[in-house]
Amino acid sequence: MAVYLTAEEIFGFVPPSDYTERQLERIPLEDVLRFCAWALTALAMPDASARDVEKTFVNTLMQGPLRDRVLNLLRDDRRRLLVPQAVMLLARTAVHVSPDTVPQGTPKGDLTVALLCNSQSMGHHSKSGPTVIADQPGPLGREIIANQHFNHTWSVSGVLARYARRWLELPMEHLSEPGAIDLSQAYEDCTGVRLDDLAAVAGYLWARSTQGHFVLEHAEYSALTLPAERLHRVLSLISNDLPGMREAVRQERPEHRTEWSFDPFQRWPVIRLPERRLLVLDPRHLVSRAFGWLPILDIRFPPPHHPRPSGHKTLATRAEQTLRRISEVYVSEVLHRITEDASTVRRVYDDAQLKAAYTVKGQRIADAAVDYPGTWIVIEVTTTQLRREAATAVPDESQIKDIDKLIEEVDQINATINALRQDETALTGISPTHPRRFLPLLVLPEGFPVNPVTLTVIRERARSRGLLQAPDTDPLEIADIEELEMIEGIQEDGGPSLLEILQSKNAGTLRNTGLREHIFYGLNLSPSKPTRHAELVATALQPLFEALPRPEPEPPA
């Protein structure tokens, strides 16, 4: 956690509330977006140090006593100057108020101070609502959830590896299952865009932006070997021009516009500038747009210029169901890799084995149970995600409604624990020699902001329904797929087991934080990437490699 610097701390007074807008009114929109892209791209560079980026920012844009004061304040490692949320808010405000051009002779606005004033105004909300966290997050809890959701970090190589497995490989391997479809074909049918073309163009723009080239000239990206029409179709999906961005931002519903809502920039992470130039505002949004969950929204809501295929609604439903099912299969694969050993004893029991063992009518079954000596880890996988209102701290009941959906998944874990407690022999074929403990684990592949607020609320709401309350049952833990892959890497390096990591978390000082915080700061581990990722990343980026311009042959001697 870190605390951002405010204009009051830096200048010694609180600037007027309209100062940022008054500065932006005197700066062309393209200049503001370039400034924002410079900051966001620098922070998103592979292995970038926020501290080094901020020092470069200060030394480049500040002088004299102001420069010295800010550098002194930044000597505290807990302070931050460049806050992605403040930068995105600056871009959103500029889309509202910055002109395309300014009259000659107009004094230019100060972008640096405008950004600092954004930080000054962020986070001022009503103090009403509960301040003691129990089974309701309250206003402060809503902000913490939105903050963690927005600032969540992930490995790009992990996103690419999961894309290759979930979107390309697993759908074909499970095509014979009822309801399963080819996601690549469904994407092309609904959008007119090949999934490989999306990967090639987005991969190229991301690679160039992380080399510091966040503005690309037409001659550069048009050198890709994709036919011009296919390149245009991809860009029509993931990019928008300046007038289109202005219109999209202005059409946002005011009651849903919070300090965490940046929908247009996430839908169109690439902005088309005049003279056919492209600007990548934030490489993180570009990766999520092309390689995460968001392409399923292109299937559900095809571009208006492309005719919808016959039976589109059914096709979109089947595509989403396929992706959800494949995501659960992928989690199962990771669990098997985490728990594999040389013995012949089964360690992971999937839902098929659980359903075969417990056949009582109405029996609810979790997705997996992992057999460790003395302990069962009972796992439910759900692709449920925070809805937009919950993720952006809209002041309503959306976060509680989303959490209550998770409680339904906890109920399945609880029912499976009861079945195992009564007769684990039905599953294993072996009579237990000692009483077992049970460790419930909820896995959300698409991520969930786990922190003392959300864990407390979820556990309290489960307690109020009588779930997971037996003396032999440990507190509920929550993990995302990237955390499980961290443990996969730890296992490959000979580190502690999944059970040992979860048990040490429950016994440690970070018991109410996320699993990754315990891995990094509780266990002081730096997990390696799973070895299988290298091949999967190559698969994900193969369309990019094929689309790169071919080097000119050297002339004969």
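Notes on the structure follow.

Rules used in this analysis
Residues numbered from 1 in each chain as written. Predicted model: local features only at pLDDT ≥ 70, side-chain atom pairs only at ≥ 80, totals over all residues. Heavy atoms only, no water. Helix = DSSP H or I, 4+ residues; strand = E, 2+ residues; numbered from the N terminus. Rg over C-alpha atoms; globule rule 2.2 N^0.38 Å. Buried < 20%, exposed > 50% of the residue type's maximum accessible area, 1.4 Å probe, protein only. Contact = heavy atoms within 4.5 Å. Areas by Shrake-Rupley, 256 points an atom, 1.4 Å probe, with all protein chains shown as cover. Lys, Arg positive; Asp, Glu negative; His and termini not counted. Charge placed at Lys NZ, Arg CZ, Asp CG, Glu CD. Salt bridge = Lys/Arg side-chain N within 4 Å of Asp/Glu carboxyl O. Phe/Tyr/Trp six-rings, centres within 6.5 Å; stacked < 30°, edge-to-face > 60°. Core = buried A, V, L, I, M, F, W, Y, C linked by side-chain atoms within 4.5 Å. Pairing = 2+ DSSP bridges. Axes fitted to C-alpha atoms, helices over the stretch in contact; angles between N-to-C directions. Expected span 1.5 Å × (residues − 1). Bend = angle between axes of the 7 residues up to and from the residue. Polar contact = N/O pair within 3.5 Å; in protein donor to acceptor, adjacent residues only side chain to side chain. Parallel < 35°, antiparallel > 145°, perpendicular 65-115°, else oblique. Left-handed = near helix turned anticlockwise from the far one by under 90°. Nonpolar A, V, L, I, M, F, W, Y, C, P; charged D, E, K, R; others polar.

Section: the overall build of the protein chain
Reasoning step 1: Each helix and strand in the protein chain was counted, giving 27 helices and eleven strands.
Reasoning step 2: The globule rule puts the C-alpha radius of gyration for 557 residues at 24 Å, and the 25 Å found for the protein chain is close to it.
Reasoning step 3: Across the 557 residues that make up the protein chain, the buried fraction comes to 53%.
Reasoning step 4: When contacts within the protein chain are restricted to residue pairs at least 6 apart in sequence, those whose partners lie at least 24 apart make up 77%.
Reasoning step 5: For the protein chain, the accessible area works out to roughly 25600 Å², and carbon and sulfur atoms hold 52% of it.
Reasoning step 6: Mean positive and mean negative side-chain charge positions of the protein chain (61 and 75 charges, respectively) differ by 3 Å.

A few points about unusual backbone geometry
Reasoning step 1: Located in the positive-phi region is A393, a residue other than glycine, with phi close to 60°.
Reasoning step 2: Counting through the fold element by element, A393 comes out in the loop between α20 (388-391) and α21 (398-423).
Reasoning step 3: Phi is positive for N524, which is not a glycine, with a value near 55°.
Reasoning step 4: Here N524 is to be found in the loop between α26 (515-522) and α27 (533-547).
Reasoning step 5: Classification of N524 as exposed rests on a relative accessible area of 61%.

Remarks on the pattern of salt bridges
Reasoning step 1: The final tally for this structure, using the stated rule, is 44 salt bridges.
Reasoning step 2: Between R162 and E482 there is a salt bridge, with its nearest N and O atoms 3.0 Å apart. Of this pair, R162 sits in helix α9 (residues 156-173) while E482 sits in helix α24 (residues 481-492), and the two are 320 residues apart along the sequence. Each member of the pair, R162 as well as E482, is classed as buried.
Reasoning step 3: The partner of E173 in a salt bridge is R165, and the shortest N-O contact between them spans 2.8 Å.
Reasoning step 4: Judged by relative accessible area, which is 12%, R165 ranks as buried.

Some points on the packing of aromatic side chains
Reasoning step 1: In total, this model carries eight aromatic pairs according to the counting rule given.
Reasoning step 2: For the ring pair Y163 and F291, a centre distance of 5.0 Å and an interplane angle of 85° mean the geometry is edge-to-face. Note that Y163 is positioned in helix α9 and F291 in helix α16 (residues 283-291), a separation of 128 residues in sequence. In this pair, the class of Y163 matches that of F291, namely buried.

With respect to the nonpolar core
For soluble globular proteins, nonpolar side chains are generally found buried alongside one another.
Reasoning step 1: Core analysis: the biggest nonpolar cluster contains 55 residues, and L81, L90, F265 and L281 have the highest contact counts within it.
Reasoning step 2: Listing elements by their share of this core, those giving two or more residues are α1 (7-11), α3 (29-44), α4 (50-61), α6 (84-97), α7 (111-121), α8 (138-151), α14 (242-250) and β5 (270-273).
Reasoning step 3: Setting aside residues up to four positions removed in sequence, L81 forms contacts with L5, I10, E54, F57, V58, M62, V70, L74 and L116.
Reasoning step 4: Ranked by size, the runner-up nonpolar core spans 51 residues in total, among them A199, Y221, V280 and A316.

A short note on the sheet that holds strand β7 (residues 348-350)
Reasoning step 1: What the five strands build is an open sheet, ordered β7-β8-β9-β10-β11; its pairing is mixed. For this open sheet the edge positions go to β7 and β11 (477-479), each flanked by a neighbour on one side alone. Sheet twist, expressed as the average angle between the axes of neighbouring strands with direction ignored, equals 25°.
Reasoning step 2: Looking at chain direction, strand β8 (residues 368-372) and strand β9 (residues 375-381) are connected through five bridges and run antiparallel.

Comments concerning the environment of P432
Reasoning step 1: Mapped onto the elements of the fold, P432 is located in the loop between α22 (425-428) and β10 (437-443).
Reasoning step 2: For P432, a relative accessible area of 42% puts it in the partly exposed group.
Reasoning step 3: Distance from P432 to G374, taken between C-alpha atoms, is 9.3 Å for residues 58 residues apart in sequence.
Reasoning step 4: In this structure P432 touches E424 and T425, once residues within four positions along its chain are discounted.

Here's the deal with α9
At 3.6 residues per turn, the α-helix brings residues three or four places apart onto the same side.
Reasoning step 1: Over its 18 residues, α9 extends 24 Å from the first C-alpha to the last, a length consistent with the 26 Å expected when each residue adds 1.5 Å.
Reasoning step 2: Bending of α9 peaks at approximately 30° at the position of R166.
Reasoning step 3: Counting buried residues along α9, 14 of its 18 residues qualify, which places the element largely inside the surrounding structure.

Observations regarding the side chain of S327
Reasoning step 1: As for its placement among the helices and strands, S327 is situated in helix α18 (residues 312-339).
Reasoning step 2: At 2.9 Å, the side chain of S327 and the side chain of R166 are in polar contact.
Reasoning step 3: Every residue in contact with S327, bar those within four places of it in the chain, is listed here: R166, W293, T383, P445 and E446.

So, the packing of α21 against helix α23 (residues 452-464)
Reasoning step 1: For the pair α21 and α23, the least separation of the axes is 10 Å and the interaxial angle reads 55°. By the criterion of interaxial angle, the relationship of α21 to α23 is oblique. Here the hand of the crossing between α21 and α23 comes out right-handed. For the pair α21 and α23, the contacting residues are I400, I403, D404, L406, I407 and V410 in the first and V457, I458, R461 and A462 in the second.
Reasoning step 2: When its residues are assigned to classes, the contact of α21 with α23 shows eight nonpolar, no polar and two charged.

Points about the pairing of β8
Reasoning step 1: Judged by how many residues are buried, β8 sits mostly within the fold: five of five residues are covered.
Reasoning step 2: Taking every second residue as pointing to the same face, both faces of β8 are buried, with A368, V370 and Y372 on one and A369 and D371 on the other.
Reasoning step 3: Note: β7 against β8, three bridges, orientation antiparallel. Each residue of the ladder has a partner; that of D350, found in β8, is A368.
Reasoning step 4: Where β8 folds back onto β9 in an antiparallel hairpin, the turn is made up of two residues, including G374, whose phi is positive at roughly 85°.

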